[in-house]
Structures are given as structure tokens and as C-alpha cells.
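Residues per chain, in single letters:
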Amino acid sequence: MNFLRLAAAAYLLVLPSGAIAGEDVKKPRAVVELFTSQGCTSCPKADAMLTEMVAQGDVVALAYHVDYWDYLGWRDTLANPDNTARQQEYSRTFGNRSVYTPQVVVNGRKQINGTKRLKINHAIDRMEGTAHGMTVDVDISYRDESIVIETGDAGKTVEDAQIVLIYFKPATKVEIAQGNNTGRSFTYVNAVAGFHSVGMWDGSATKLELPISEMAKKGAGGCAVLVQKMLPDGLPGPILGSAIITRQEGW
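Treat the numbers as computed from the prediction; the structure is a model and nothing was measured.

On inspection of all chains with the given rule, the structure shows 1 cavity of 30 Å³ or more. In this model, the largest cavity occupies a volume close to 50 Å³. As for the largest cavity, its lining consists of Ser37, Gln38, Cys40, Cys43, Pro44, Asp47, Ile176, Asn181, Arg184, Phe186 and Tyr188. For the lining of the largest cavity, the elements supplying multiple residues, two or more each, are α1 (43–56) and β10 (185–188). Among the elements that line the lining of the largest cavity, the one with the most residues is α1, at 3 residues. Of the residues assigned to the lining of the largest cavity, the class counts are 6 nonpolar, 3 polar and 2 charged.

Structural data, given as C-alpha cells:
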């Protein structure tokens, strides 16, 4: 799935060069994208790892439930075809011939088996604070009836980068009654419900507003934003910056 160049619901404002609205924005250590399935025998260990990362709060951790294992006897209740498509696009980025679960992608730059926690931690440590880490300040917040996304200034022109908004579901408990994981019960966190590009990013300090109603339509428990380079054919590339926010109570 190639990203749209600009979502119709978004309002884009280029800010003067400098920090985000005068704020000191704390960068996450990394972005960890887990491709998983409720029907995958090896996935519970990776799902538990992601839950721990979400609780620690120092990385942007997202779970993309895929649908290609549904034939094993249990339809993943959190899967959608766009999640599968994103993994397939990463597969093309990395030159893989096939997809698998659990798979982790760190910062859009490195793929790792999702059960290999030490290797994942090593990749995060190695990229943090380098040009392969989160080099762009990004903030996401709620203001009145809007979701507000802001980026810092890269100090140079950036080509082929997009601002990608990702909606994720609230924590969801699932009792698995069939398939390879029959009898297991798990509470899944940050399961991706949908995502789309809300605009191109050229390296300038930028402010972008979207109506909160877009989030409500997804039934989302929160959203994350990625500033991500795009490779030829619209394939996902390195992630330059990210932020995450949970849904406000009372919605």
C-alpha cells in the first residue's frame, strides 16, 4: 500500500525555523514495530516483550497484527490487510523473499526475529544518539478538538519523507479458542487499527492539525506519528522521528 501524499482532513502550517513551539521535546529511544499474529505459535513471547516496552514508555512500540496465518484455525481479531501490506513492503525494502512472524523492525532500518530480545535491545542501543536514531524532534498532543502534530527543523532540506499517523486500539483482552494457541488468553497493547500519510515533510519545522473525530472513527486508544523516509515505489525507509499519545479519558 503506497501512502497518500496528503490526507484531505489535515491542515498544514510551516513554522519558523527552530524548536517545536518553544517546548523541550524528549525523543523516544527508538521505534519498534512488531508484526505478529494471534495464531502464531512463536508470537506470545514477542507480544509480551512489546507489552513490557509499552509499560517502560521509552520507545514507540507498535503491534501490527497480520492476517496471513488465519487459515491455521484462528482468525486474528486485531488483524487487517493494511498491516500485512506494510510488512510486505518492509520485506521488499530489506530484500526478503517472504514474510514471517514475529518480526520486529527497529527505526525502519533493521529487521530482527521478534523472539530475540537481546538483539532487539542491542539494535536500539546501537542506533540511539546516532544518525540512525531519532534525529528529528516530533510532538503529538490534543488541543481543543484537534490532534496537533509538530516537528522540529532538520537544519537541511529532506527529500521523500512523509508524516505518517498511526491509530492503535486500546488494550484488548483476547481469549483464543482455536488454532495453535488454543486456551491462551492475552491482553494486546498498541495494536495498530489503521494508518495513513498526512503529508510530505521537507525538513522544515511544521505544525499539522487533524480533527479528533478522525481518531474517534477508528475507535482508537491512541495514536503515534512517524517521520519516515520513503524509498522508490513508496516503500517504507528509515524513521527519523516519532511520538506517541494515548486517548484522553471521557471520549
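Here the narrative resumes.
One pass over the structure, following the stated rule, counts 7 aromatic pairs. Where Phe35 meets Tyr64, the ring centres are 4.9 Å apart and the plane angle is 20 degrees; that geometry is what we call stacked. With Phe35 in strand β2 (residues 31–36) and Tyr64 in strand β3 (residues 60–65), this residue pair connects regions lying 29 residues apart in the sequence. One exposure class covers both Phe35 and Tyr64, and it is buried. Measuring from ring centre to ring centre gives 6.2 Å for Trp69 and Tyr71, while their planes differ by 45 degrees; the resulting arrangement is tilted.

Attention now goes to the nonpolar core. Ranked by internal contacts, the top residues of the largest apolar core, which has 24 residues, are Ile140, Ile149, Leu165, Trp201 and Cys223. Put simply, the parts of the chain that give this core at least two residues each are β6 (138–143), β7 (146–151), β8 (161–168), β11 (192–201), β12 (206–211), α4 (212–218), β13 (222–230) and β14 (236–246). Tallying contributions element by element places β8 first for this core, with 4 residues. Counting 18 residues, the second-largest nonpolar core is a separate cluster that includes Tyr90, Val105, Met230 and Ile239.

Whenever strands of a sheet pair, they do so through backbone hydrogen bonds, lying parallel or antiparallel. Taken in spatial order, the 4 strands of this open sheet run β3-β2-β4-β5, and their pairing is mixed. Each edge of the open sheet is held by one strand with a lone partner, namely β3 and β5 (110–113). For this sheet the average axis-to-axis angle between neighbouring strands, irrespective of direction, equals 20 degrees. The sheet contact formed by β2 and β3 spans 6 bridges and is parallel. Residue pairing for β3: Val31 is matched across the bridge by Val60. Packed onto the sheet, α1 meets β2, β3 and β4 (103–106) and runs at close to 150 degrees relative to β2. The strands that helix α2 (residues 81–94) touches are β2, β3, β4 and β5; relative to β2, the one it contacts most, it runs at about 115 degrees.

For the bond from Thr101 to Pro102, the omega torsion is -5 degrees, close enough to zero to count as cis. The residue Asn190 is not glycine, and still its phi comes out positive at about 50 degrees. Within the fold, Asn190 resides in the loop between β10 and β11.

Let us now look at helix α3 (residues 117–127). Regarding α3, the residues found buried are Ile120, Ala123, Ile124 and Met127. The buried residues of α3 occupy an angular sector of 95 degrees when projected down its axis, which confines them to one face. Directly after α3, the chain includes Gly129, whose backbone phi takes a positive value near 80 degrees.

On to the pattern of salt bridges, then. Tallied over the entire structure, the rule returns 9 salt bridges. Where Glu33 meets Arg86, a salt bridge forms, and the shortest distance between an N and an O atom there is 2.9 Å. A residue pair is termed long-range when its members are at least 10 positions apart, and Glu33 in strand β2 and Arg86 in helix α2 qualify at 53 residues. The buried category is assigned to Glu33, whose relative accessible area is 0%. Note on Arg86: relative accessible area 2%, which makes it buried. The residue Glu209 makes a salt bridge to Lys207 at a minimum N-O spacing of 3.6 Å. Residue Glu209 is classed as partly exposed on the basis of its relative accessible area of 26%.

What counts, and at which threshold
- Residues numbered from 1 in each chain as written.
- Predicted model: local features only at pLDDT ≥ 70, side-chain atom pairs only at ≥ 80, totals over all residues.
- Heavy atoms only, no water.
- 1 Å grid on protein atoms, 1.4 Å probe; cavity = no way out; pocket = protein on both sides within 12 Å on 5 of 7 lines; lining within 4 Å.
- Points joined across faces, edges and corners; volume = space filled by probe spheres on them.
- Helix = DSSP H or I, 4+ residues; strand = E, 2+ residues; numbered from the N terminus.
- Nonpolar A, V, L, I, M, F, W, Y, C, P; charged D, E, K, R; others polar.
- Phe/Tyr/Trp six-rings, centres within 6.5 Å; stacked < 30°, edge-to-face > 60°.
- Buried < 20%, exposed > 50% of the residue type's maximum accessible area, 1.4 Å probe, protein only.
- Core = buried A, V, L, I, M, F, W, Y, C linked by side-chain atoms within 4.5 Å.
- Pairing = 2+ DSSP bridges.
- Axes fitted to C-alpha atoms, helices over the stretch in contact; angles between N-to-C directions.
- Contact = heavy atoms within 4.5 Å.
- Arc of directions from axis to C-beta.
- Salt bridge = Lys/Arg side-chain N within 4 Å of Asp/Glu carboxyl O.

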